[in-house]
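Close look at the chain arrangement
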Amino acid sequence: MFLLKYVLTAGLILLLAACSTSNDDQQAEGEITYVPIEINEATEASDELEAVVADQLEVPWSIEELDGTFYLTERAGTIVTIIDGEASRHEVQLEHPIHAEGEGGLMGLVLDPNFEQNKIAYVYHTYLENNEILNRIVRIEHADGKWTEREELLSGIPGGRTHNGGRLSIGPDGYLYATTGDAGIEELAQEPEQMAGVILRMGLDGSIPEDNPMSDSYVFSYGHRNPQGLTWLEDGTMYSSEHGPRGHDEINQIEPGNNYGWPTIIGDETGNGKEVSVFHSGSDTMAPSGMAAYDYSLYVAALRGAGVYRYDVQLDEIEKVLDGYGRIRDVKIIEDELYFITNNTDDRGTPMERDDKLIKVMLNEDLE
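To keep things clear, this report deals only with the structure shown in the data block.

1. Examining the nonpolar core
I137, L154, L168, L176 and L200 are the most contacted members of the largest nonpolar core, which totals 20 residues. Elements represented by at least two residues in this core include exactly β7 (106–111), β8 (120–129), β10 (146–158), β12 (176–179), β13 (198–202) and β14 (219–222). In this structure, A292, V308, I328 and V361 belong to the second largest nonpolar core, which totals 17 residues.

Structure follows, in structure tokens:
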């Protein structure tokens with residue numbers, strides 16, 4: 001059984017206390033801080049260390065990392081960079097301004113495989129066109145301390161105050177995947193040509209792969225309500241997490257061209273060749289968001305569920321392994337470390353002191 005355990009050594013307590021500030025401190029409002037922590041090599045394998053990597057984030061949405069540098073999107077339209085103990089916030093300059101309303105805004109972020117050389121990344125964001133809320137996928141470049149749009153890959157994805165999807169990920173096949181929501185219009189999820197309630201697959205240049213399941217279409221799967229997580233096991237099996245209606249949140253194993261049923265079926269229901277989820281939450285609400293794979297387990301960030309859940313693919317079992325931080329939007333696993341971002345400042349949570357935060361905990365295979 002996987003357990004999470006805090007190591008409250010005197011040194012750690014003193015370190016966190018030294019790095020925290022009270023309401024009387026003269027730190028500028030909204031400033032981001034970085035809290036480094038040294039891991040004692042003598043720490044037992046069963047011990048787990050927690051560290052606040054950055055705090056005072058503003059509704060963060062997505063975590064990316066390369067060689068120890070972190071990049072976090074914030075829904076209002078900024079990207080936070082944390083490098084060598086220093087954090088900075090930069091606006092993203094786009095041809096269509098970010099429309100941060102409800103659940104929309106700047107969401108998914110993924111770095112190009114050659115980011116170290118070309119400084120290219122991809123973002124998913126909400127915008128307005130003729131007073132209509134839409135979403136688009138854009139290639140951006142990081143240069144001279146700024147993020148600037150270089151090319152629009154896809155636009156006109158249906159959007160709304162809710163159900164925008166928004167997750168981006170580059171799969172093991174090298175293609176760019178994106179999740180879209182049904183934009184609050186349920187029937188669109190059964191109309192894949194609308195690109196609502198689907199998972200998209202495209203080349204990094206915006207092209208449609210020849211082996212996509214639908215001819216001349218970006219759509220890889222459809223019948224989704226509001227998917228916000230994407231990940232792959234080491235064997236290439238693809239999974240997505242998805243918000244359900246009044247509970248019935250789902251984890252789905254994604255196969256090309258399949259219909260995952262929304263709004264026709266939910267939970268264990270079957271019908272007309274539609275795929276049944278590998279897990280659903282029943283009457284409970286998790287509101288799953290970002291997801292990461294580790295061995296044969298899926299770690300799922302939960303907003304309403306206020307924690308991180310671990311789903312064992314082989315045993316078909318799920319348990320809550322992290323609690324006490326409020327709403328969690330995204331998770332990322334780097335070697336044996338789990339990073340997650342809280343989302344308590346999104347007007348649906350109860351912000352704690354210095355929220356929102358990027359936090360690190362240690363994973364330990366011996367505790368699974």
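2. Concerning the layout of surface pockets
Here the largest pocket is characterised by a volume of approximately 770 Å³. Along the wall of the largest pocket there are 34 residues; nearest its centre are E64, S169, T231, K332 and I333. When residues of the lining of the largest pocket are traced back to their parent elements, those giving at least two are β3 (60–66), β7, β11 (168–170), β15 (227–232), β19 (288–294) and β23 (328–334). When its residues are assigned to classes, the lining of the largest pocket shows 20 nonpolar, 6 polar and 8 charged. Estimates place the volume of the second largest pocket at around 520 Å³. As for the second largest pocket, its lining consists of 28 residues, of which E103, R327, R329, D346 and R348 are closest to the centre. Broken down by class, the residue content of the lining of the second largest pocket amounts to 6 nonpolar, 9 polar and 13 charged.

3. Side note on the sheet that holds β12
Read from one edge of the open sheet, 4 strands run β11-β12-β13-β14, paired in antiparallel fashion. Looking at which strands have only one partner, the edges of the open sheet turn out to be β11 and β14. Shown here is a sheet whose adjacent strand axes are inclined to one another by a mean of 20°, direction ignored. With 3 bridges joining them, β11 and β12 adopt antiparallel strand pairing. By the bridge assignment, S169 is partnered in β12 with Y177.

4. A few points about empty space enclosed by the protein
Taken as a whole and assessed by the stated rule, the structure comprises 3 cavities of 30 Å³ or more. As a volume, the largest cavity reaches approximately 50 Å³. Lining the largest cavity, in full, are G223, R225, E242, H243, G244, P245, H248, E250, Y260, W262, I265 and I266. Of the residues that constitute the lining of the largest cavity, the class distribution is 5 nonpolar, 4 polar and 3 charged.

5. A short note on the sheet that holds strand β9 (residues 132–143)
If you trace the 8 strands from one edge of the open sheet to the other, you get β3-β4-β5-β6-β10-β9-β8-β7, paired in mixed fashion. The sheet is open, and its two borders are formed by β3 and β7, each paired with just one other strand. Ignoring which end each strand starts from, the neighbouring axes of this sheet average 30° apart. Of the strand pairs in this sheet, strand β6 (residues 86–93) and β10 are connected by 2 bridges, and their pairing is parallel. Within β10, the residue paired with V92 across the bridge is W147.

6. A closer look at the side chain of D355
As for its position among the elements, D355 is in the loop between β24 (337–342) and β25 (358–362). Notably, D355 is buried but unbridged: the nearest opposite-charge side chain belongs to K357, and the N-O separation is 4.6 Å. Polar side-chain contacts of D355 include one of 3.4 Å to the side chain of T342. Excluding residues that lie within four positions of it along the chain, D355 makes contacts with Q56, L57, T342, N344, T345 and T350.

7. What about the environment of G324?
Take G324: it is sitting in the loop between β22 (317–323) and β23. The class of G324 is exposed, set by a relative accessible area of 56%. As for G324 and A306, which are separated by 18 residues in sequence, their C-alpha atoms are 7.5 Å apart. Beyond its immediate sequence surroundings of up to four residues, G324 is in contact with A306 and M352.

8. Examining the pattern of salt bridges
By the definition in use, this model includes 19 salt bridges. In this structure, the salt-bridge partner of E74 is R89, at a minimum N-O distance of 2.6 Å. Here E74, found in strand β4 (residues 69–74), pairs with R89, found in strand β6; they are 15 residues apart in sequence, far enough to count as distant. A relative accessible area of 0% places E74 in the buried class. Its salt-bridge partner being D346, residue R327 comes within 2.8 Å of it at the nearest N-O pair.

9. Focus on the environment of I82
Within the secondary structure layout, I82 lies in strand β5 (residues 78–83). Separated by 17 residues in sequence, I82 and E65 place their C-alpha atoms 9.3 Å apart.

10. Some words on the packing of aromatic side chains
The final tally for this structure, using the stated rule, is 9 aromatic pairs. Ring centres of F70 and Y339 lie 4.8 Å apart, and the angle between their planes is 45°; on these two criteria the pair is classed as tilted. Here F70, found in strand β4, pairs with Y339, found in strand β24; they are 269 residues apart in sequence, far enough to count as distant. There is no split in this pair, since F70 and Y339 are both buried.

Rules used throughout
- All chains use their own residue numbering, which begins from 1 and follows the written sequence.
- Local features in this predicted model are restricted to residues of pLDDT 70 or higher, and side-chain atom pairs are both shown and tallied only at a pLDDT of 80 or more, whereas totals for entire chains, interfaces and linings draw on every residue.
- Computation of side-chain values covers all heavy atoms of the structure but excludes hydrogens and water.
- Definition of nonpolar core: a set of buried residues of the types Ala, Val, Leu, Ile, Met, Phe, Trp, Tyr and Cys, connected through side-chain atoms within 4.5 Å.
- Note on exposure labels: buried denotes an accessible area under 20% of the residue type's maximum, exposed denotes more than 50%, and partly exposed covers the range between, all computed with a 1.4 Å probe on protein chains only.
- Under the scheme used here, helices are H or I runs from DSSP no shorter than 4 residues and strands are E runs no shorter than 2 residues, and both carry numbers assigned from the N terminus.
- Both cavities and pockets are sets of points on a 1 Å grid over the protein atoms alone; in a cavity a 1.4 Å probe fits but cannot get out, in a pocket the set is open with protein on both sides within 12 Å along at least five of seven lines, and lining residues sit with an atom within 4 Å of a point.
- Grid points are joined across faces, edges and corners, and a volume is the space filled by probe spheres set on the points.
- Nonpolar residues are Ala, Val, Leu, Ile, Met, Phe, Trp, Tyr, Cys and Pro. Charged residues are Asp, Glu, Lys and Arg, and all others, Gly as well, are polar.
- Pairing between two strands is assigned when DSSP locates at least 2 bridges connecting them.
- Between N-to-C directions, angles cover 0 to 180 degrees, with each direction set by a line fitted to C-alpha atoms, over the stretch in contact for helices.
- By the counting rule applied here, Lys and Arg register as positive and Asp and Glu as negative, while His and the ends of each chain are not counted.
- Counted as salt bridges are all cases of a side-chain nitrogen of Lys or Arg within 4 Å of a carboxyl oxygen of Asp or Glu.
- Polar contact criterion, stated in full: a pair of N or O atoms within 3.5 Å, where within protein one must be able to donate a hydrogen and the other to accept it, and residues adjacent in sequence count only if both atoms are side-chain atoms.
- Two residues form a contact once any of their heavy atoms are found within 4.5 Å.
- Here is the rule: rings of Phe, Tyr and Trp (six-membered ring for Trp) pair when centre to centre is within 6.5 Å. Planes less than 30 degrees apart are stacked, more than 60 are edge-to-face, and the remainder are tilted.

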